[in-house]
Amino acid sequence: MPKKFYITTPVYYVNDVPHIGHTYTTVAADVLARWHRALGEETFFLTGTDEHGAKIETKAREMKIAPRKYADEISTKFKQAWRELNISHDNFLRTTDPAHVKAVQNALQQMYDKGDIYLGKYEGLYCRGCEQYKSERDLADGLCPDHLLAPEKMSEECYTFRLSKYQDKLLKLIKNNKLKILPVNRKNEIVNFIEDQGLEDVSFSRKNVGWGIPIPWDKAHTIYVWADAFLNYLTGLGWDGTNAPTPLSKGGAGGLKFWPPTAQLMSKDILRVHATIWQAMLLSLGLPLSRTLFVHGYFLVDGQKMSKSLGNVIAPDELVKKYGVDASRYLLMSATVFGRDGDIGWKKFDEKYNADLANGLGNLVSRVANLVEKNKLELKLSGFARSGVARKIGSDKKLIKAYRESMENFKFDQALKLLWQKLRDSDEILSDKKPWKLEDKKAVKKILAPVAQNILNAAGLLEPFMPEVSQKIINQFSAKQIAKGEPLFPRI
Ligand code: MSP
């Protein structure tokens, strides 16, 4: 049986249009999905939008439209953005999908029936920006440090999830890496948090928020938006909220064939809830935990948090308009070490575009193709057939091994650096040997064949990052007679 690979992004809030932060997570997930498909693994890639809750309700009210209509509009914008960026998700889940709504109710009913949800009361603070309950020590000068908002004081009867019951079990599973949290400094943060502060039961329903899924046994309450949202990772596979009728070891019917997620991507803003509430919900539902939570870095734009008031928000369509689809994907994935925060900006993107793409890859490809065409050489390069379900990704075993290792460890920037090193080596061979000065065709061929093979090998491994460019180069360089083509990356 082929290996299974299940990757998720967070479901994004529809209170605002997609920006480069959402795009980063989604492109990274796409890179992994494409890579695992190339390896012949059975892959499922889920993304979507998070559409309920107080934040969306308020936003829709401000815009003077019905929340559902507002959510439809923004969710469509996310879909369009992903289509434009050539994202290959297998499902786009909206938390307002009727099947999701029903499954969430079923799941909560299960948890209620087993006594993991009880009627309690929440008295404390709530940040509508995060849609999270806050304690005094989460605040800085009385404000939520992420949203710079004063949290509201709440005092409400609510259905409460027995998170505390799962504290010890969870801590153990995190410590022994049954639930892997990467990079390891993020794991340590979570371990310290649980050890220092402990896990308190958490409110799972709201009486004063109308825009949400009704609690099935008490319609005066709606389900806490995070409880609703987390379950997307299950309902996105077709799960109906009643547990799999077949044991998971026998393939798990009921839509859970791909369960559990191999990797769940997110940034640090939402790790804590994913590592605690979400995993405890799985324990309560009797389902295996996620295998890996991977926390990538947070983007700042020219040193500052992206915000509308600063006017520095970068939207994915602006990127695509300026650089094209594949170049945008490349610029995002090479912008910073994956897992570390990074500073980005238009100037940096321009410089990198020109250096790595226009003058780098694009220039090398066109130089070599021109020379091969001019000399009418037949090079017979190797390594690009499809074998079984897996795609053959070149003939450079050493390169493939190093690349594979980088990808397994979520080191995308490193994987790209390996490929660019190959390209630079090839550039050097050309500058050294100057084949354009030679008359003897055989001598020219001797220089160009390995260079062209390098390009082809790099192009094969570039597919997850730059699917179209990769295919163009593969077509061009695996043709019997290599011909010069259009420039891949016009200079900016
Ligand atoms: N709806 C919740 C998630 C529910 S998942 C069950 C949410 N949505 S969000 O729209 O705010 O998206 C947050 C995620 O978007 C981050 O975790 C990250 O994946 C991505 N990013 C948003 N801004 C980002 C940056 N500035 N930099 C990098 N990624 C960021 O939270």
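Up top is the structure these notes are about.
Residues numbered from 1 in each chain as written. Predicted model: local features only at pLDDT ≥ 70, side-chain atom pairs only at ≥ 80, totals over all residues. Heavy atoms only, no water.

**Student:** Explain the packing of aromatic side chains to me, using residue names and the numbers behind them.
**Tutor:** Scanning the entire structure with this criterion turns up 33 aromatic pairs. Plain terms: the ring middles of F161 and F204 are 4.9 Å apart, the flat faces sit at 20° to each other, and that makes the pair stacked. Of the two residues, F161 sits in strand 6 (residues 152-161) while F204 sits in the loop between strand 8 (202-203) and strand 9 (205-206), which places them 43 residues apart along the sequence. Judged by centre distance (5.2 Å) and plane angle (20°), the rings of F294 and F338 are stacked. Taken as a pair, F294 in strand 13 (residues 292-296) and F338 in the loop between helix 11 (325-333) and strand 15 (342-344) lie far apart in primary sequence, 44 residues in all. Each member of the pair, F294 as well as F338, is classed as buried. (Phe/Tyr/Trp six-rings, centres within 6.5 Å; stacked < 30°, edge-to-face > 60°. Helix = DSSP H or I, 4+ residues; strand = E, 2+ residues; numbered from the N terminus. Buried < 20%, exposed > 50% of the residue type's maximum accessible area, 1.4 Å probe, protein only.)

**Student:** Account for empty space enclosed by the protein, with residues named and values stated.
**Tutor:** All chains considered together, the criterion is met by 2 cavities of 30 Å³ or more. Taken as a whole, the largest cavity holds about 60 Å³ of empty space. G53, A54, Y126, E131, R206, V209, W211, G212, T222, I223, Y224 and V225 together form the lining of the largest cavity. Taken together, the residues of the lining of the largest cavity sort by class into 7 nonpolar, 3 polar and 2 charged. By volume, the second largest cavity is sized at about 40 Å³. In terms of lining, the second largest cavity is formed by G362, V365, S366, Q476, G485, E486 and L488. Top element by residues in the lining of the second largest cavity is helix 12 (residues 346-374). It accounts for 3 residues. Each residue belonging to the lining of the second largest cavity can be placed in one class, and the counts come to 2 nonpolar, 4 polar and 1 charged. (1 Å grid on protein atoms, 1.4 Å probe; cavity = no way out; pocket = protein on both sides within 12 Å on 5 of 7 lines; lining within 4 Å. Points joined across faces, edges and corners; volume = space filled by probe spheres on them. Nonpolar A, V, L, I, M, F, W, Y, C, P; charged D, E, K, R; others polar.)

**Student:** Any details on the sheet that holds strand 13? Residues and values, ideally.
**Tutor:** Taken together, the 6 strands give an open sheet; going across it, the order is 3-2-1-12-13-7, and neighbouring strands pair in parallel fashion. At either end of the open sheet lies a strand with only one pairing partner, and these are strand 3 (91-94) and strand 7 (180-182). If you compare each strand with its neighbour and ignore which way they point, the axes differ by 20° on average. Summarising the sheet, strand 7 and strand 13 pair through 3 bridges and their orientation is parallel. Directly across from L182, in strand 13, lies its bridge partner F294. (Pairing = 2+ DSSP bridges. Axes fitted to C-alpha atoms, helices over the stretch in contact; angles between N-to-C directions.)

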